[in-house]
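What follows is each chain in one-letter form.
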Amino acid sequence: MAEKENKKRKRQSNGVEASSKKVAFGQDEGQIKVTYNSVDGSDPALVDAPGLTTPDLVFDAYTKRPSSKKPDDAASNDHELLLHSHRHSRLDYTASPASLDDGLAHYVAVYDPATKQLQVMPTHHLSLRSTLRSEAKANQNRTFLQQRQELGREFGTKKAKKIIAEKTVNAITNRDPKGKGRPDDVQDAILQSMPDTVTGAPTEEQAAETALASKPIPKPNLAAENVEEVYAYETLLPPSDARLVNIKDWQEKTKNEEDIKFTHRFPAARVQALGTSDQILKLKALKYLQLLLEFHDALPSGGRNGKKVPKKDVLSKRLSAWPDSLVNSVRRRFANDANELTKWHMQRLYTHMCALSLYVDGWTADTSNLRDDLKMDAKEMAQYFRELGCRIAAPTEGERERWGIKKGQERSVKVAKLKLPLDFPKARSGVRR
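Note that the structure is a prediction, hence the values are computed from the model and not measured.

## Side note on the overall build of the chain
Right, so step 1: On a plain count of helices and strands, the chain comes out with 18 helices and 13 strands.
Right, so step 2: Counting over 433 residues, the chain shows a buried share of 29%.
Right, so step 3: Considering only residue pairs separated by 6 or more positions, the chain has 65% of its internal contacts joining residues 24 or more positions apart.
Right, so step 4: As displayed, the chain offers around 31100 Å² of accessible surface, 50% of which is attributable to carbon and sulfur atoms.

What follows is the structure, given as structure tokens:
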């Protein structure tokens, strides 16, 4: 039993039977003569350059005796080889013995089929590396303080690293005739790779448009040649909403001199003049402004100077005189996805109402009526008109007669005028302390 267990099993065949006959080499071609050559200082070098693209350069060779005493045998070289080249404009190349080849020997074999000779000779295995010449000079010229800072950045505590970083974060000097502050080769290479001119830099007009786009105001046309083109009618009243605004009831009642009930002063003071005229767009803008005023009154407080939109059934009941589709469009336009109007959304609602009042009054608006409707003080109301690019001033004599302002009321009444060029408030740079 023991003999059977110790008996090796045959290897399973994959369908191909290997021949047991040996193949004889060199019988027909003749014998190959192998020679070994080693001449001091003339052994070839096998150089590898991992991660480098070696340029076509001439290297200088340096040899020395090995530091460790090794037995002189056929497999070991009796000297070490080093190749160096400084002929590149910025880089130094050095080929030194590979660190992983300790105890190994490398050979190169050359076969000559004509003479049937195989010549074997020992070779040096070198690894090529490159260094930036300016960095090498900088490392040689480092002061004791620079060496301490480098050690601190590598092995120091967090506090020490922070102090070193604060000292060097702004350590950039200008060029001078003595050479101090000159960029090194790396900086020169980066600067040379950069384009001479900066492309795609925003112009002054583009920067102004970008700044205005972030403000909660209707989008102005900065290229407008007249005041009427600054805030277009389609910007203040979207065409989809304009189709849903019905003005026939106002036209019929004003022509028949019937009373129209209002809870806001601004539309009440202007509906009669616009209802009997052919200014259809201004009448639609006035009625849309009336909707925005009623929508504003229906908003309960939401905290942090904001408000929230009531539930759908509550909002529909408060604005039952208006189509539900129009009310929903106003809600989506001025409220966020959470049906809330933050401070930014409320400012956007106020500036749109101010712009509509400017459109209705021919770009010169009496701010007192809208101020009373929104229950604001004069300073806050004037600021919203300034955000639109208006100038705020006291009414003139003709404007007092136009709006029926009595003497003594000039101080409480302010007029917003939209003129070209537009005068937008400058951005605040910060609060002084």
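Back to the text.
## Focus on a nonpolar patch on the surface
Right, so step 1: There is a patch of nonpolar side chains on the surface, built from Ile 32, Val 34 and Tyr 111 and spanning about 290 Å² of accessible area.
Right, so step 2: Considering the arrangement of structural elements, one finds Tyr 111 in strand E6 (residues 106–112).

## A closer look at the sheet that holds strand E12 (residues 391–393)
Sheets are built from strands that pair by backbone hydrogen bonding, the pairs being arranged parallel or antiparallel.
Right, so step 1: The strand order across the open sheet built from 3 strands is E11-E13-E12, with neighbouring strands paired in antiparallel fashion. Of all the strands in the sheet, the pair left with one neighbour each is strand E11 (364–366) and E12. Direction aside, the axes of adjacent strands within the sheet are offset by 25° on average.
Right, so step 2: Two elements, E12 and strand E13 (residues 415–417), share 3 bridges in a ladder whose sense is antiparallel. Bridge pairing links Ile 392 to Ala 416 in E13.

## Quick word on the pattern of salt bridges
Right, so step 1: Enumeration over the complete set of coordinates arrives at 5 salt bridges.
Right, so step 2: The partner of Arg 265 in a salt bridge is Asp 372, and the shortest N-O contact between them spans 2.3 Å. Taken together, the residues Arg 265 in helix H10 (residues 265–268) and Asp 372 in helix H16 (residues 367–374) connect sequence positions 107 residues apart.
Right, so step 3: Three or more residues are tied together by salt bridges with common partners; here these are Arg 265, Arg 371 and Asp 372.

## Considering the packing of helix H12 (residues 280–297) against helix H15 (residues 343–360)
Right, so step 1: At a closest axis distance of 9 Å, the pairing of H12 and H15 adopts a crossing angle of 150°. As far as their axial angle goes, H15 and H12 are roughly antiparallel. At the point where H12 passes H15, the crossing takes the left-handed sense. In this structure, H12 uses Leu 281, Lys 282, Ala 285, Leu 286, Tyr 288, Leu 289, Leu 292, Leu 293 and His 296 to contact H15, whose residues at the interface are Met 346, Leu 349, Tyr 350, Met 353, Leu 356, Ser 357, Tyr 359 and Val 360.
Right, so step 2: A class-by-class count of the residues in the contact of H12 with H15 yields 14 nonpolar, 2 polar and 1 charged.

## Here we look at H15
Right, so step 1: Its 18 residues place the ends of H15 26 Å apart at the C-alpha level, agreeing with the 26 Å of an ideal helix rising 1.5 Å per residue.
Right, so step 2: With 14 of 18 residues buried, H15 lies mostly within the body of the structure.
Right, so step 3: Among the residues trailing H15, Gly 362 stands out with phi positive, at a value near 75°.

## Considering the nonpolar core
Right, so step 1: Core analysis: the largest hydrophobic core is formed by 61 residues, its most contacted members being Tyr 288, Leu 341 and Phe 385.
Right, so step 2: Listed by contribution, the elements that provide at least two residues to this core are helix H7 (233–236), helix H11 (271–275), H12, helix H14 (324–334), H15, H16 and helix H17 (378–387).
Right, so step 3: When residues of this core are assigned to their parent elements, the largest contribution, 10 residues, is made by H15.
Right, so step 4: Residue contacts for Leu 341: discarding those within four places in its chain leaves Phe 295, Leu 299, Gly 306, Lys 307, Lys 308, Val 309, Phe 334, Ala 335, Met 346 and Leu 349.

## Focus on the packing of aromatic side chains
Right, so step 1: Within the structure shown, the criterion is met by 4 aromatic pairs.
Right, so step 2: A centroid spacing of 5.4 Å and a plane angle of 70° characterise the contact between Trp 250 and Phe 262, whose relative ring orientation is edge-to-face. A residue pair is termed long-range when its members are at least 10 positions apart, and Trp 250 in helix H9 (residues 248–255) and Phe 262 in the loop between H9 and H10 qualify at 12 residues.
Right, so step 3: Overall, the relative accessible area of 5% leaves Trp 250 in the buried class.
Right, so step 4: Between Tyr 350 and Tyr 384 the ring centres are 5.3 Å apart and the planes differ by 55°, which places this aromatic pair in the tilted class. Here Tyr 350, found in helix H15, pairs with Tyr 384, found in helix H17; they are 34 residues apart in sequence, far enough to count as distant. Of the two residues, Tyr 350 and Tyr 384, both sit in the buried class.
Right, so step 5: The ring of Phe 266 carries the charged tip of Arg 270 above its face, separated from the ring centre by 3.7 Å.

## Re the side chain of Lys 287
Right, so step 1: Relative to the assigned elements, Lys 287 resides in helix H12.
Right, so step 2: Not counting residues within four places of it along the chain, the set of residues in contact with Lys 287 comprises Val 245, Asn 246, Ile 247, Asp 249, Trp 250 and Trp 322.

The rules behind these values
Residues numbered from 1 in each chain as written. Predicted model: local features only at pLDDT ≥ 70, side-chain atom pairs only at ≥ 80, totals over all residues. Heavy atoms only, no water. Helix = DSSP H or I, 4+ residues; strand = E, 2+ residues; numbered from the N terminus. Buried < 20%, exposed > 50% of the residue type's maximum accessible area, 1.4 Å probe, protein only. Contact = heavy atoms within 4.5 Å. Areas by Shrake-Rupley, 256 points an atom, 1.4 Å probe, with all protein chains shown as cover. Patch = residues over 30% accessible without salt bridge, like charges linked within 9 Å, V, L, I, M, F, W, Y side chains within 5 Å. Salt bridge = Lys/Arg side-chain N within 4 Å of Asp/Glu carboxyl O. Pairing = 2+ DSSP bridges. Axes fitted to C-alpha atoms, helices over the stretch in contact; angles between N-to-C directions. Parallel < 35°, antiparallel > 145°, perpendicular 65-115°, else oblique. Left-handed = near helix turned anticlockwise from the far one by under 90°. Nonpolar A, V, L, I, M, F, W, Y, C, P; charged D, E, K, R; others polar. Expected span 1.5 Å × (residues − 1). Core = buried A, V, L, I, M, F, W, Y, C linked by side-chain atoms within 4.5 Å. Phe/Tyr/Trp six-rings, centres within 6.5 Å; stacked < 30°, edge-to-face > 60°. Lys NZ or Arg CZ within 6 Å of the ring centre and 35° of its normal.

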